[in-house]
Amino acid sequence: MVGARQRTGNYPGVTVAADQGRVRRGAWVFEVVDLPGTYSLLSDSQDERVVRAALLADAFDAVVDVTDASHLERHLYLAVELLELGMPLVIALNLWDRVSVEGARIEVGLLSLLLGVPVVPTSGRSGEGIDRLLAAVGQLCEKRRGELWPLLHVDYGREIERAVGWLGPLAEPCVAAPQCTRWCALNVLEGGGPCLQRCRWCRLPQCPHLCEEAAQSRAQIERRSGEEIGMTLARRRYDYVASLCAQVVTEPARAEPSPSERADRILLSRWLGLPLFGLIMFLVFQLTFTLAQPLVDAMEAGLSGLRRGMASWWSAGSESAWRSLWVDGVLGGVGNVAIFVPNILLLFLCLAVLEQSGYMVRAMFLLDRWLHRLGLPGKGFIPMLIGFGCTVPAMMATRTLASREDRLTTMLVLPLISCSARLPIYTLILSAFFPLTCQAPLLWGIYLTGIVLAVLGARLLRATVFQSPPPPFIMEVPPYRMPPLIELLRQVWERTWAFLKNAGTLILALSVLLWALSVWPRLPTRQLAPLLRERAAARERQDLTGEQRQQLVRELDRTLARIKLEHSLMGRVGQGLAPVFEPLGFDGKITTALLGAFVAKEVLLAQLAVVHSVGHGAESSLTLRESLRQHYTPLQGLCLILFCLIGTPCMATFAIFKQESGTWKWPLLQAAGLTALAYGITLVVYRLGTCLLNL
Amino acid sequence: MRLGRAAPGRLLELVRLQSGLGLAQRLAALGLVPGARFTLESGGRRGPVLISFQGTRLILGHGMAERIMVRLAGKDAP
């Protein structure tokens, strides 16, 4: 209605909080609040609590119940509940196009007459009927303003009606609006859930008498009928809906299974289901990371061109603080944000296609059985898989999980899955210390360690912090459909923009902060001047060939970078922390490099190169490798890998976790917890390793 | 028998719900009340189930399927 169409179904990307928008039609301006989809008001899942609280706490001028017209019987139940509560309702018969395709017929006028509310056929996809719907809402708001709403009376059978008739007058003093009396009486009779949350007019705690009476009636009725009264009420309500549908809906005779059912015989089959899912996930991964690579490369090239261009505003070799701020701080930070955009765009495109085509629900069905045992929800697999590429989009992919507990559990353990930025660290260190034959098994071992720790972590969190039982899992399986392109693109753009706006700004700010830490305080002139003079002299030396001269200048540049870093706050903190990390076999140089790795994991190598005064990059990683081999033992190398695998997540992960969880608490706890875990595990490995090697 | 243990492809009738109020109401809102008939399409054995009911297909979690008592119905009835 507001143009920003929400996704359908009570699964992926569910409206986490109520979305709001504004729409203008003629003389009317509507404030529209979009609530999560739900089948009923009274059961107790998270979605339903949100809807109930919103509907009963706020005074709306009108409530639009968007139903699936192709499954009217299932969707009118909520409308009946809303009408029993006296909500000013307009029913939208959505997916109207599908009804005609399937050959069904719905008597819209009759339905409207029977329920006493406007009913408007719509198609969210083509936008058909939206204008009529808004007009109906506008008219309703004008006509009924300030009036009491006629209530819908569902006949609950002789006994319940008698009890309600008797409890009604008792309930009257407890409710602020008379139309709530019946609802309130039914509610106390049912006895489920705190009533205050259900009705803004109800002041039940003042009526203990009513509750006692209701409890007695309930016991009597349940004894006679042999079933819970809530069940009887729901059944009667459903019977009412069924009788309504019998009058207004003409279903076509269906003999053949639908195309979706036929497709599912293969896609959900016992033997082919999982391999096909694996194939689809492989494609998603390839698309997200392999296809994005040229885009990432192009972006990096563009940015480094920009940096060079900006650097040329100052004289070559200038030590200006502004130059460093703009070129290394700000543009470097922009690079740190931009680098994620291609991956996020493509990932969200894949996720949107999976969601909207209807496959996501089925994937969950296939996986739930296996992941359930690991303490993870069925859809937790997708973020985990994405996590092997990059933790940032992976955290965003947890939006497909329904419950907050599931999301937090998954996000908390996600950094344990080795992202692609860590791979160069592993390979460089492994190749520095271990023979070629050992490298592949060790690399597998590192990845596996991460996965095992993630699974154990998820189980532990589930058993301790997030103990709530998994929400009852009911899901409608939609027919497969072709995802509409414009909606896909809009969704992808919205999510990417949200990333840039929220996490992006935080990443930029942290980048600049970390840059400042690594350059401040600046080297005093009396220390800097001789080094610069030496470099200038080296440039002028005539006794060397051009290449030798360049090499000398490069070496002097590296020394300068090392001295600057050692002098900076980051270098000093690194040195200061060295005693803390000494038991893990890390010296001040490694500690400084680890601090720098908070910017991004791959920065670790660059920092290591700086603190060791060696070159870094494709042509010179050999020298870093040699330098590492000279300074450290294989055990220290392995410990460094372990610490990178488990330890503090990078700042982009931190920022995105802050965005996705909406609080600072969880990202801070995660950073602290993972660092402590990394410290503990690395300590044990290093000490045990040292003992074993000394034997 | 429990829905979670039934064989796929059969027409089943819901007999009883072994559960608290919340679940019963949630199912009843979908029309899944004692006496309702549906086909078990696939699943079971420690996993979720997929049922086909009045033109809609629904996935029910394993925990839920274990608490729904069913019997064979129609031509599948013993």
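As a starting point, this report considers the structure included with it. (Residues numbered from 1 in each chain as written. Chains lettered and ligands numbered in written order. Predicted model: local features only at pLDDT ≥ 70, side-chain atom pairs only at ≥ 80, totals over all residues. Heavy atoms only, no water.)

Bringing the overall build of chain B into the picture now. Assigned secondary structure in chain B consists of 2 helices and 5 strands. Relative to its full complement of 78 residues, chain B shows a buried share of 56%. Residue pairs at least 24 apart in sequence account for 59% of intrachain contacts in chain B once pairs closer than 6 positions are excluded. Per element, the accessible surface of chain B, about 3,000 Å² overall, is 49% carbon and sulfur. (Helix = DSSP H or I, 4+ residues; strand = E, 2+ residues; numbered from the N terminus. Buried < 20%, exposed > 50% of the residue type's maximum accessible area, 1.4 Å probe, protein only. Contact = heavy atoms within 4.5 Å. Areas by Shrake-Rupley, 256 points an atom, 1.4 Å probe, with all protein chains shown as cover.)

The next point concerns the pattern of salt bridges. The final tally for this structure, using the stated rule, is 18 salt bridges over all chains. Shared partners join several salt bridges into a network, and the residues in it are D264 and R362 of chain A together with E41 and R57 of chain B. (Salt bridge = Lys/Arg side-chain N within 4 Å of Asp/Glu carboxyl O.)

Attention now goes to the interface of chain A and chain B. Of the residues lining the interface, 36 residues belong to chain A; the matching set on chain B comes to 35 residues. Counting the surface lost from both chain A and chain B, the interface buries some 3,200 Å², and carbon and sulfur atoms represent 59% of this. When the area that chain A buries against chain B is broken down by residue, the three leading residues are R74, F365 and I474 of chain A, summing to 22%. Inspection of the chain A/chain B interface yields 1 salt bridge. R57 of chain B is paired through a salt bridge with D264 of chain A; the nearest N and O atoms lie 2.8 Å apart. Linking chain A with chain B are 7 residue pairs in polar contact (both at pLDDT 80 or more). Secondary structure elements with two or more residues in the side of chain A that touches chain B: α2 (72-84), α9 (229-248), α10 (259-267), α15 (359-373) and β8 (474-476) of chain A. Of the residues forming the side of chain A that touches chain B, the biggest block, 6 residues, is contributed by α15 of chain A. Of the residues assigned to the side of chain A that touches chain B, the class counts are 14 nonpolar, 7 polar and 15 charged. (Buried area = accessible area lost by both parts, 1.4 Å probe. Polar contact = N/O pair within 3.5 Å; in protein donor to acceptor, adjacent residues only side chain to side chain. Nonpolar A, V, L, I, M, F, W, Y, C, P; charged D, E, K, R; others polar.)

What follows is about the side chain of N94 of chain A. Within the secondary structure, N94 of chain A sits in strand β4 (residues 89-94). Ignoring any residue separated from it by four or fewer positions in sequence, one finds N94 of chain A in contact with V66, T67, D68, A69, T122, S123 and G124 of chain A.

Looking now at the packing of helix α22 (residues 525-540) of chain A against helix α23 (residues 546-567) of chain A. All names here are of chain A. Packing of α22 against α23 brings their axes to within 9 Å, and their N-to-C directions diverge by 170°. Accordingly, the angle class assigned to the pair α22 and α23 is roughly antiparallel. Taking contact as the criterion, the partners of Q527, L528, L531, L532, E534, R535, A538 and R539 in α22 are, on α23, R549, L552, V553, L556, D557, L560, I563, K564 and H567. (Axes fitted to C-alpha atoms, helices over the stretch in contact; angles between N-to-C directions. Parallel < 35°, antiparallel > 145°, perpendicular 65-115°, else oblique.)

With respect to topology, 6 strands assemble into an open sheet ordered β8(A)-β4(B)-β3(B)-β2(B)-β1(B)-β5(B), the strand pairing being antiparallel. Looking at which strands have only one partner, the edges of the open sheet turn out to be β8 of chain A together with β5 (68-72) of chain B. Here the average twist between neighbouring strands, direction ignored, is 40°. By the bridge criterion, 3 bridges tie β8 of chain A to strand β4 (residues 56-60) of chain B in an arrangement that is antiparallel. Paired with E476 of chain A across the bridge in β4 of chain B is L58 of chain B. (Pairing = 2+ DSSP bridges.)

Residue and element names in this part refer to chain A. A rise of 1.5 Å per residue sets the reference length of helix α24 (residues 569-581), with its 13 residues, at 18 Å; its end C-alpha atoms lie 18 Å apart and thus fit the reference within 8%. Where α24 bends most, at Q575, the angle is about 25°, and the proline P579 comes one to four residues later. Those residues of α24 that sit buried are M570, G571, G574, A578 and F581. (Expected span 1.5 Å × (residues − 1). Bend = angle between axes of the 7 residues up to and from the residue.)

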